[in-house]
Amino acid sequence: MKLSQLNPGERGTIVAFTDLEMSVKLMEMGCLPGEMVEVERFAPLGDPIAIRVAGYQLCLRKNEASVIIIS
Amino acid sequence: MASPIKIALVGNPNTGKSTLFNLLTGLNQKIGNFPGITVDKKVGFCKLNPTLQAEVIDLPGTYSLYPKSRDESIVFQVLADTHNSSHPDIIVVIADATNLRRNLLLYSQVADLQIPVLLVLNMMDMAKKEGINVNIDKLSERLGVQVVGISARSKTGLDQLKQAIANTTTLATQVKGADMNMLAAEAIHEVKELVHTDNDYLALQLLHQHEHLESYTHQYEQFEHIERSHHFESSKLQAAETIARYRYLSTVLSGVIEDTGAAKKFVFSDKIDSVLTNRFWGFFIFLGILLFVFNAIFSWAAYPMELIEESFVWLTAFGHAHLPAGMLTDLMLDGVVAGLGGIVIFIPQIAILFAFISILEDTGYMARVTFMMDKIMRKFGLSGRSVVPMIGSLACAVPSIMSARTIENWKDRIITIMISPLVSCSARLPVYTLLISLIIPNQKVFGFISMQALALMGMYLISILAAMTVAFVMNFLIKAKEKSYFIMELPVYRMPRWKNVIFTMYDKAKTFVFEAGKVIIAISIVLWVMASYGPSDRFQKIEQKYTQLEIKKDSTQVSTIERDKAAEKLENSYAGILGHTIEPVIRPLGYDWKIGIALITSFAAREAFVGTMATIYSVDNGAENTGTIRQKMSVATNAHTGLPLFTFATGFSLMLFYAFAMQCMSTVAVVYRETKTWKWPAIQLAYMTGLAYVASLIAYQLLK
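The shown structure was predicted, so the numbers you read here are calculated from the model rather than taken from an experiment.

The rules behind the values
- Residues numbered from 1 in each chain as written.
- Chains lettered and ligands numbered in written order.
- Predicted model: local features only at pLDDT ≥ 70, side-chain atom pairs only at ≥ 80, totals over all residues.
- Heavy atoms only, no water.
- Helix = DSSP H or I, 4+ residues; strand = E, 2+ residues; numbered from the N terminus.
- Rg over C-alpha atoms; globule rule 2.2 N^0.38 Å.
- Buried < 20%, exposed > 50% of the residue type's maximum accessible area, 1.4 Å probe, protein only.
- Contact = heavy atoms within 4.5 Å.
- Areas by Shrake-Rupley, 256 points an atom, 1.4 Å probe, with all protein chains shown as cover.
- Lys, Arg positive; Asp, Glu negative; His and termini not counted.
- Charge placed at Lys NZ, Arg CZ, Asp CG, Glu CD.
- Polar contact = N/O pair within 3.5 Å; in protein donor to acceptor, adjacent residues only side chain to side chain.
- Pairing = 2+ DSSP bridges.
- Axes fitted to C-alpha atoms, helices over the stretch in contact; angles between N-to-C directions.
- Phe/Tyr/Trp six-rings, centres within 6.5 Å; stacked < 30°, edge-to-face > 60°.
- Left-handed = near helix turned anticlockwise from the far one by under 90°.
- Nonpolar A, V, L, I, M, F, W, Y, C, P; charged D, E, K, R; others polar.
- Patch = residues over 30% accessible without salt bridge, like charges linked within 9 Å, V, L, I, M, F, W, Y side chains within 5 Å.
- Salt bridge = Lys/Arg side-chain N within 4 Å of Asp/Glu carboxyl O.
- Core = buried A, V, L, I, M, F, W, Y, C linked by side-chain atoms within 4.5 Å.
- Domains from an automatic or database assignment.
- Buried area = accessible area lost by both parts, 1.4 Å probe.
- pLDDT = per-residue confidence, 0-100.

A. Up close: the overall build of chain A. Looking only at helices and strands, chain A features two helices and five strands. Reading the helices (α) and strands (β) of chain A from amino to carboxyl end gives β-α-β-β-β-α-β. Radius of gyration (C-alpha) of chain A: 11 Å, near the 11 Å computed for a compact globule of 71 residues. On the principal axes, the C-alpha backbone points of chain A span a range of 30 × 20 × 20 Å. Within the span of chain A, comprising 71 residues, buried residues form 65% of the whole. Taking as baseline every contact in chain A between residues at least 6 positions apart, the subset at least 24 positions apart corresponds to 52%. Only carbon and sulfur atoms are counted for the fraction: they give 50% of the accessible area of chain A, which is about 2400 Å². Here chain A contributes 7 positively and 9 negatively charged side chains, and the mean placements of these two sets differ by 5 Å.

B. Fine view of the side chain of Q109 of chain B. Here Q109 of chain B shows up in helix α3 (residues 100-111). Among the polar contacts listed, one links the side chain of Q109 of chain B to the side chain of E241 of chain B, at a separation of 3.2 Å.

C. Inspection of the sheet that holds strand β5 (residues 68-70) of chain A at higher detail. Taken in spatial order, the six strands line up as β5(A)-β1(A)-β2(A)-β3(A)-β4(A)-β12(B) in an open sheet, and their pairing is antiparallel. Because the sheet does not close on itself, it has two edges, and the strands there are β5 of chain A together with β12 (488-490) of chain B. Looking at each pair of strands side by side, their axes are set apart by 45° on average, direction ignored. Bridge analysis of strand β3 (residues 49-53) of chain A against strand β4 (residues 56-60) of chain A gives five bridges, and the strand direction is antiparallel. Among the inter-strand pairings, A50 of chain A is bridged to a residue of β4 of chain A, identified as C59 of chain A.

D. Structural context of the side chain of S424 of chain B. Residue and element names in this part refer to chain B. Mapped onto the secondary structure, S424 falls in the loop between α18 (410-419) and α19 (428-439). Note on S424: relative accessible area 0%, which makes it buried. Here S424 is in contact with S393, L394, Y432, M459, Y460 and S463, once residues within four sequence places are set aside.

E. The packing of aromatic side chains, seen in detail. All names here are of chain B. Considering all chains together, one arrives at 17 aromatic pairs over all chains under this definition. Ring geometry for W410 and W680: centres 6.4 Å apart, planes at 65°, overall edge-to-face. Separated by 270 residues along the polypeptide, W410 in helix α18 and W680 in helix α30 (residues 679-703) bring together distant segments of the chain. For the pair Y432 and Y460, a centre-to-centre distance of 6.1 Å together with 80° between the ring planes defines the contact as edge-to-face.

F. Highlighting the packing of helix α29 (residues 665-675) of chain B against α30 of chain B. All names here are of chain B. It is the contact of α29 with α30, at a shortest axis distance of 8 Å, that shows an interaxial angle of 145°. Considering only the axes of α29 and α30, their crossing is right-handed. Contacts between α29 and α30 involve V668, V671, Y672 and T675 from the first element and W680, P681 and Q684 from the second. Looking at the contact of α29 with α30 residue by residue, the classes come out as five nonpolar, two polar and no charged.

G. Molecular detail of a nonpolar patch on the surface. Residues F648, V694, I698, L702 and L703 of chain B make up a contiguous nonpolar surface patch of roughly 480 Å² in combined accessible area. With a relative accessible area of 40%, L703 of chain B lands in the partly exposed category.

H. Quick look at unusual backbone geometry. Residue P48 of chain A is reached from D47 of chain A by a cis peptide bond, and omega for that bond is -5°. Counting through the fold element by element, P48 of chain A comes out in the loop between β2 (36-42) and β3. Here the phi dihedral of N14 of chain B falls at roughly 60°; this positive angle occurs in a residue that is not glycine. Position of N14 of chain B among the secondary structure elements: in the loop between β1 (5-11) and α1 (17-25). The exposure class of N14 of chain B is partly exposed, given its relative accessible area of 36%.

I. Broad picture of the nonpolar core. Residues and elements named next belong to chain B. Counting 104 residues, the largest nonpolar core has L435, F609, F646 and L654 as the members making the most contacts within it. Shared between two domains, this core takes at least three residues from each, and those domains are domain 3 (281-477) and domain 4 (502-703). Among all residues touching F609, those that are not within four sequence positions of it are V431, L434, L435, A598, S602, L654 and Y658. Ranked by size, the runner-up nonpolar core spans 97 residues in total, among them A8, I74, V195 and V252.

J. Fine view of the domain arrangement of chain B. All names here are of chain B. Assigned domains within chain B: domain 1 (5-167), domain 2 (185-259), domain 3 (281-477) and domain 4 (502-703). Computed over C-alpha atoms only, the centres of domain 1 and domain 2 are separated by 22 Å. Each partner contributes to the interface: domain 1 provides 27 residues, whereas domain 2 provides 27 residues. Our count for the contact surface shared by domain 1 and domain 2 stands at one salt bridge. Ionic pairing is found between D112 and R245, a salt bridge with its closest N-O pair at 3.0 Å. Taken together, the links from domain 1 to domain 2 amount to 14 residue pairs in polar contact (both at pLDDT 80 or more). Taken together, the elements giving at least two residues each to the side of domain 1 that touches domain 2 come down to α2 (70-80), α3, β7 (132-134) and α5 (136-143). Examining the composition of the side of domain 1 that touches domain 2, we find that seven residues originate from one element, α3, more than from any other. Of the residues assigned to the side of domain 1 that touches domain 2, the class counts are 13 nonpolar, eight polar and six charged.

K. Seen up close, the pattern of salt bridges. Following the criterion strictly, the structure yields 19 salt bridges over all chains and no others. Notably, a salt bridge pairs E35 of chain A with R101 of chain B, separated by 2.4 Å at the nearest N-O pair. One end of the pair, E35 of chain A, is in the loop between α1 (20-28) and β2; the other, R101 of chain B, is in helix α3, on a second chain. The class for E35 of chain A is buried, based on a relative accessible area of 17%. Given the relative accessible area of 24%, R101 of chain B is considered partly exposed. By sharing partners, the salt bridges in this structure join D47 and R61 of chain A together with D374 and R378 of chain B into a single network.

L. Broad picture of the interface of chain B and chain A. Each partner contributes to the interface: chain B provides 43 residues, whereas chain A provides 35 residues. By the criterion of area lost to chain A, the three top residues of chain B are F266, F371 and I487 of chain B, representing 19% of everything that side buries. Taken together, chain B and chain A are joined by six salt bridges. With its nearest N and O atoms 3.0 Å apart, the salt bridge here joins K68 of chain B to E28 of chain A. If you list the elements that add at least two residues to the side of chain B that touches chain A, you get α3, α10 (234-253), α11 (264-276), α15 (365-379) and β12 of chain B. Counted by class, the side of chain B that touches chain A contains 17 nonpolar, 11 polar and 15 charged residues. Bridge analysis of β4 of chain A against β12 of chain B gives three bridges, and the strand direction is antiparallel. The residue bridging C59 of chain A from the neighbouring strand is M488 of chain B, located in β12 of chain B.

M. Highlighting the confidence of the model for chain B. Mean pLDDT over chain B works out to 83, with 91% of the residues at or above the 70 mark. Taken together, the stretch residues 622-626 of chain B has pLDDT below 50 and engages in eight contacts with residues farther than four places along the chain or on a different chain.

N. Fine view of α1 of chain B. Residues and elements named next belong to chain B. With respect to burial, α1 is a largely interior element, seven of its nine residues being buried. Of all the residues in α1, the buried ones are K17, T19, L20, F21, N22, L24 and T25. Positive backbone phi, approximately 60°, marks G26, located one or two places after α1.

Given below as structure tokens:
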């Protein structure tokens, strides 16, 4: 399942990434495989989304969230 | 005293790095440039103890040594290149104690460069509040470096930090972290031979980004050869390195951090977010905040501005009364003092605008604005990140265009740079304020919102709308080079640091007065000369004509003769001739030759408008040049019709011209520096001037 499919309040654990280049950026910012993520809220227009991961808040676009595979 | 040791501050964004920098250096800092590139270099001096002085360099915040934007690439360039003039003796890595693991990723990369390093854990007070306990001694022992806990906001731990920096040895003591040699052993080995180093990690980094380091450009071919022969895959190895480092950090941090409730820090922030980024209220609140800011710029600044205006009028009158009459006095008072008055008067408005921008950034609200606006901005070919340069452009396009470096995507960045100067900057503010006060009555709507403030906000909205429209068009014309992305940290809401706010106000006002001031004073002097002198035969004729008139008439009419003479002189001066030359082009816009002079001087810097008007009308009014610019302009009449010159149509047309035209040499220069080609500044100059002419023409012809 992709992170972009979650609704606010739902959570999952990061398993893998489908985009190599973006995975480096995401991991540097704390999104590691095995880490728990929770979708906090959507922006007023539904995109981007704010997630909580590794003890802080991150925002990213839905198409970027779709490279994060969660379980 | 020995020469100061060089210290570089390195850390993730939002770790309080700049706060620490300000604390260490106080007002003893200056902003320069790194050679060859235009990244701001913030340098300050700090006394570590009575005998030891340190030069502190504040490097841009970054999450890793692999740069994602131009701003971040400077960090690696300074740290890895021993020939770089800013290369430090000691690196101070500042980490957020409430989020240690992610912050230590950068530390572990920096430490592997084998430069003496010191780790500062900031926000220790917040960590304690959230129930995070960090065993500093254990961490220090495991990393092999000094670790100091501080709270930059509450200023605790600073003395300890200074002492630790003074105690740092000249040899690197850090324990080697994750083994980097295993990632690309053979290639690393060859690079080590090539550049004569025994540092595995430096060798690996050089494989990744040698092209960014000047000292290694002559070995470009050798590096590329090594990369090819060992199938060096940059992204894959970066991912592997990041994972290896996090694995190493997990073992380092086990038993060091005790976390009893890290989620606590979000409770308060979440409550604010549910209101401020609310689906329905979010945008209304944002608009409300903007309106409040503009209202404040108008109403709060009114009193100090009046005071400044009157002081300069008094000063000019006082000077004329007490100084010996003559050319030098006229130059001083009607040239320099009038120009100076035109600069000093903006200080209150600029200070207030920057105070608000700094508060919005400091509290974390600006990041939310970025978050909320991304989807809209993307429709126009921009990204949420373009919002900050655009809001910054409300103050000045020059630093904002430089701040667009944080936009990773090339196309997003170019479009942001191209449209930023369309957003009304503080230099237009005095033009708007002056013209609005001439053409809009000072009345209140609903009893509390001033109509003039609404008109001002209207001008800003028009400029933003124009910027978005141009972005939308450019989105189709410019081809994308790479994928755009928007991954950004949302910092928790915090109280603004008032000292920081005051510092920003002081700093920006100072920069404005000294940077813009130089240009304006120079223009004022040149202008005064051009407005006071003309081809000698013309001036002689005028002198003769009026001498004869004066003999004929009796003394009561001398003052009107004086005024006519001054006006005729101005019209025949070099400035007047220039103004007359362009009059046919600008008459359809509703301007006369005097406004023409102001347009010409404004092409260097638009803030020269008010000063030019002040100078021209001072010269024009001859002997009785007391009274404010506003009074002088409101009585000005059109030479062709005899009606008041500043009608609604002319005023509005003029405001539109100033809103859209590219009248700022500094912006042209900075766009050239940022894009490294004359193509973009040339396009910008052409499209903006064209847009300004057409918009003003349409407005005047419809409204007149």
